[in-house]
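Reading the structure
Here is what each chain is made of, one letter per residue.
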Amino acid sequence: MKPFYPETKLFSLAILSILLILTAGSCSLTRGVPDNKFLVRNITIDSVDKEFSDAAYLYVDRLQQPNSWFNLQLYYLFNKKGKKELGEPPAILDSNLVEFSRLQIQKFLRNKGYLKVAVTSDIEAKDKKAKLKFTAKQGPLFRIRNIQDSIGDPKVQALYRVNRRRFSHVQPGDRFDTDSLAYDRDEFYQVMKRNGYYDFYRQYVNYNYDTTFNNSVVDVKMIIDNPPGKKEHPIYKINNTLITISTSSGRTTGTADTLKVDSQFTFIDYSRRFKPKALTRYIFQQKGDIYNIDQQTLTTSRLSELNVFRNVPNPVYKKVADSVNRRLDSRIDIIPLKRMSDRVEAEYLHSGPAFFDFFSGSGAGFNLGNTFTNRNLFKQAEILQLKISYSILYGGNQSAIVGAIQNQDFKIGLNLVYPRIIVPFNVPTLGKYGVPHTTFSSNFQLFYQNGLVRRRSFINSLTYDWMETSRKQHSLTPIAIEYSNGTIDSAARSELLRQNRFSYIYLIGRTVFTASTQYTFQLNANKLATLANFTYFRGSIDVGGNTLGLVSRVLNTSTDTLGQRTLFGATFAQYAKADIDLRFYRNLGGRERQFIFRINPGIGIPFGNSNQLIFEKNYYAGGANDIRAWLPRTLGPGQFNRAVYTSDTLRNRLKYLDQFGEIKIIGNAEYRYKLIDDFYGSKVKGAFFVDFGNVWRLKNTVENPGGQFKLNNLYRSTAIGIGTGLRFDLSFFVFRLDAAFKLKDPQFTGADQYVLFKNFGELFKKGPFKQAYLQTNGEDYRFMQLNFGIGLPF
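Residues numbered from 1 in each chain as written. Predicted model: local features only at pLDDT ≥ 70, side-chain atom pairs only at ≥ 80, totals over all residues. Heavy atoms only, no water.

Some points on the pattern of salt bridges
What counts here: Any carboxyl oxygen of Asp or Glu that lies within 4 Å of a side-chain nitrogen of Lys or Arg is treated as forming a salt bridge with it. Helix and strand assignments come from DSSP, with helices taken as H or I runs of at least 4 residues and strands as E runs of at least 2, each series counted from the N terminus. Buried, partly exposed and exposed residues are distinguished by accessible area as a fraction of the type maximum, computed with a 1.4 Å probe on protein chains only: under 20%, between the cut-offs, and over 50%, respectively.
Applying the stated rule across the entire model yields 39 salt bridges. Taking the shortest distance from any N to any O, the salt bridge between Asp35 and Lys128 comes out at 3.4 Å. Of this pair, Asp35 sits in the loop between helix H1 (9–26) and strand S1 (39–46) while Lys128 sits in the loop between strand S2 (118–126) and strand S3 (129–137), and the two are 93 residues apart along the sequence. By relative accessible area, Asp35 is classed as exposed at 61%. On the accessibility criterion, Lys128 (27% relative accessible area) is partly exposed. Between Asp738 and Arg628 there is a salt bridge, with its nearest N and O atoms 3.5 Å apart. Taken as a pair, Asp738 in strand S29 (residues 734–744) and Arg628 in the loop between strand S25 (594–606) and helix H13 (648–653) lie far apart in primary sequence, 110 residues in all.

Written out as structure tokens, the structure reads:
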């Protein structure tokens, strides 16, 4: 198959499309503005306190805010006859909306304590473009002098005074701010709802405030009225609870499983698929408890998190006809998800611009995955998942499709997840901040490297996951048993032995097993889908083989030819491994602009019965979620250059396997921003990113010269890639396209490492640099890497 280069029609079409957009950008922004109309291009907020100037801008009507250049060009290019499909229509000056904006800014500033403020607006229109200027004469800032309360119910008054210090934003000496008053009202409303006051409404809370204009001070009085005709606010307690589960289609007809569980719960299940205990353990409103809105929300959240229900609304309450004992009967109506579902996922990677020709041997790969889910198999809200994935990496310069396959990776796993902690002793429910899980997992992997090795691994594990708080998540795998073995191609084995590369035979060809314990802690994982400012942390520890080592010493088991102890006729591995994923998320304001910095170091250390990590525990670099300018397994270790091979056959056989390490340091900096609000039902975001890092060997090895980790050589051995991408946000998933370029390649030395700058002319064509690389390394050098995938990279 002929290689695909820029002179092809497809690439020319892509270039033509880019030129079209750039040409459009050079045209006048007002070309779509009718005669006698003006395009708003600039807004100035003048004489407003710096603390509020940015917020005041947001009170300008959205239709009067200047367009972004990109969105306006999209609108001009692709929208005809006034239909808004792409981009955004031009912001045409409207004097009525300008006046409305002036009043909104003035109201906003008055709410912030400038009670005498007056805002004026000015319009400057010329050459179909308009500038708006809003000028504020703020006057004095009013501050709070005294705060009083007037509450008719003594119990409510006591509750308010005890809790006020905890939540109040209204204090003597503070700026008078009606937003703070509204905040206090909402907070006390929640206090009442947590303490049994089911019938309490926000409208019961009002404020009177007197202003002394000469002194610029305000006296505030909070007033809480009693219900009409009553001397106090009633407190309610929980009584009986009815749980109704419909069919997955929402029907409540036909035969149902009906059961009186205890003195509180009645269970009616039209789906006939659930045991009551699976649900009642996550209902946090018990009979006799006072009504608490937090417990209501907690119940709804946890039942939803079971991931077996399509719809879990808030409980519906009905007052029991009893004037003495005020009680609430509750009803929870639930619609389950379909018992079975199936999800397909795919990811595609390619080096170079010719991504349509991914069988050309130019360096490409794809991952296909399928997840089959069976919900509530044993009627306890457990989830059974069967996951199958298949990955292929192409490489080299072969012309035949079959020959272009470098390696294949097939995985199949079965997970049974229970929504509780299953142990031989009693433990609390642990459901306050999230549903805990017990996962029984069994996974098989078959890895095939063309002309080199076929590896099989089998892993069984037991894992517990639980939330300590809404921000802190723990995962403990007390036992994971892993067994793996490899069969090396006979010709490859002979060549490895001839070149004294016995360590590769030991790495990929031996039979080995281990029993390990793993622990992971995450902080702020619940905020990853938000635009908040936060720090995310994930740390994990994996220690294996210690128990096996103790048993082998006690039993004095035999050793293999390398002097390593065996159990059950096979060598066992000992190691310790630690990883950290630290990210800083910062919101940069409008248009969903966000900056993320990530650092992801890790180290694995073999010890005891092992002198190197087992194959599956080593680190590799590159890929769609890593250093995106490199294909997976094609970077490092350190400054290792595959030109050291004296045999092209061996180089090809070891491709994607020989670039590994016991140490990794990966870093990413990414700027994200919104491009289009509505692109055929999706929100389009853009990204610019810089990726850096590598993997390294712990020791200097003859197989990977230049691959050892050294602090004084850290920068020289670090790879750097840059790129840009698009994210199509469809709410339920994100489709991603990234284009990444190699900026600094550590396999070279000195100034030659900066490959993009030094060889920019060869970005899309062959020249002396690419020809020399092909001769020394036996493969094409690709500057660009395209990544297609589902989900954000981090």
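Now that the structure is up, let's keep going.
Considering the environment of Glu124
Inclusion rule: Here, two residues are considered to be in contact whenever any of their heavy atoms come within 4.5 Å of each other.
Structurally, the position occupied by Glu124 is in strand S2. On a C-alpha basis, the gap between Glu124 and Phe38 in space is 9.9 Å, while along the polypeptide they are 86 residues apart. When neighbours within four sequence positions are excluded, Glu124 is seen to be in contact with Lys129, Ala130 and Lys131.

Quick word on the sheet that holds S1
Quick note on the threshold: Pairing between strands requires that DSSP locate at least two bridges from one strand to the other. With axes taken as lines fitted to C-alpha atoms, and helix axes fitted only over the stretch in contact, angles between N-to-C directions fall between 0 and 180 degrees.
The three strands lie next to each other as S1-S3-S2, forming an open sheet whose pairing is mixed. Edge positions in the sheet fall to S1 and S2, since each of these pairs with one other strand and no more. Shown here is a sheet whose adjacent strand axes are inclined to one another by a mean of 15 degrees, direction ignored. Each of S1, S2 and S3 is contacted by helix H4 (residues 95–111), which is oriented at about 150 degrees to S2, the strand it contacts most.

A few points about the sheet that holds strand S4 (residues 143–151)
Pairing in this open sheet of three strands is mixed, and the strands run S4-S6-S5 from one edge to the other. The sheet is open, and its two borders are formed by S4 and strand S5 (205–212), each paired with just one other strand. Put simply, the sheet's adjacent strands are angled 20 degrees from each other on average, direction ignored. Bridge count between S5 and strand S6 (residues 217–224): eight bridges; the pairing is antiparallel. The residue bridging Thr211 from the neighbouring strand is Val218, located in S6.

Side note on the nonpolar core
Defined as follows: Note on terminology: a nonpolar core comprises buried Ala, Val, Leu, Ile, Met, Phe, Trp, Tyr and Cys residues joined through side-chain atoms within 4.5 Å.
In this structure, Phe188, Phe200 and Ile224 are the most contacted members of the largest nonpolar core, which totals 23 residues. For this core, the secondary-structure elements that each account for two or more residues are S4, helix H5 (154–167), helix H6 (178–194), S5 and S6. Sorting elements by how many residues they give to this core places H6 first, with five residues. Excluding its chain neighbours within four sequence positions, the residues that come into contact with Ile224 are Ser150, Ile151, Gly152, Val156, Phe188, Phe200, Tyr204, Val205 and His233.

A closer look at H6
Operational definition: To estimate how far a helix should reach, multiply one less than its number of residues by 1.5 Å. Here a polar contact means two N or O atoms within 3.5 Å. Within protein one must be a hydrogen donor candidate and the other an acceptor candidate, and residues neighboring in sequence count only if both atoms are side-chain atoms.
Compared with the 24 Å implied by 1.5 Å per residue over 17 residues, the 25 Å span of H6 between its first and last C-alpha is a close match. Among the residues of H6, Ser180, Leu181, Asp184, Phe188, Tyr189, Val191, Met192 and Lys193 are the ones counted as buried. In this structure, the buried side of H6 is in contact with H5, S5, S6 and helix H8 (293–305). Put simply, Asp177 is the residue that caps the front of H6, since its side-chain oxygen is 2.8 Å from the backbone nitrogen of Asp179. Where H6 ends, the next residue or the one after it, Gly196, has phi of about 95 degrees, a positive value.

What to know about the side chain of Arg653
Note on placement: Arg653 falls in helix H13. At 3.1 Å, the side chain of Arg653 and the side chain of Glu495 are in polar contact. Those residues in contact with Arg653, other than ones at most four positions away along the chain, are Gln449, Asn450, Gly451, Leu452, Asp489, Ala491, Ala492 and Glu495.

So, the packing of aromatic side chains
Definition in use: Here is the rule: rings of Phe, Tyr and Trp (six-membered ring for Trp) pair when centre to centre is within 6.5 Å. Planes less than 30 degrees apart are stacked, more than 60 are edge-to-face, and the remainder are tilted. We call a charge positioned above a ring when the Lys NZ or Arg CZ atom is no farther than 6 Å from the ring centre and deviates by at most 35 degrees from the ring normal.
Counted under the stated rule, the structure contains 39 aromatic pairs. Ring geometry for Phe769 and Tyr781: centres 5.1 Å apart, planes at 80 degrees, overall edge-to-face. Within this pair, whereas Phe769 is found in helix H15 (residues 768–777), its partner Tyr781 is found in the loop between H15 and strand S30 (784–790), the two being separated by 12 residues in sequence. Ring centres 5.1 Å apart and planes at 75 degrees place the aromatic pair Tyr781 and Phe783 in the edge-to-face group. Since its relative accessible area comes to 3%, Tyr781 is described here as buried. Here Phe783 falls in the buried class, since its relative accessible area comes to 2%. By the ring-pair criterion, three or more aromatic residues cluster together here, those being Tyr160, Phe167, Phe188, Tyr189, Phe200, Tyr201 and Tyr204. The ring of Tyr506 is capped by Arg510, whose NZ or CZ atom sits 4.0 Å from the centre of that ring. Over the face of the ring belonging to Phe689 we find Arg628, whose NZ or CZ atom lies 3.7 Å from the ring centre.

Some remarks on the pairing of strand S27 (residues 682–696)
Where burial is concerned, most of S27 is hidden: 11 out of the 15 residues are buried. Taken together, strand S26 (residues 663–679) and the strand that follows it, S27, pair antiparallel across an intervening segment of two residues, in which Tyr680 is found at a positive phi of about 50 degrees. Pairing of S27 with strand S28 (residues 719–729) involves 11 bridges; the strand directions are antiparallel. Pairing of Gly686 across the sheet is with Leu726, part of S28.

Some points on the environment of Gly196
In this structure, Gly196 sits in the loop between H6 and S5. Between the C-alpha atoms of Gly196 and Asn292, which are 96 residues apart in sequence, the distance is 5.8 Å. With sequence-adjacent residues up to four places away left out, Gly196 is seen in contact with Pro234, Ile235, Tyr236, Ile290 and Tyr291.

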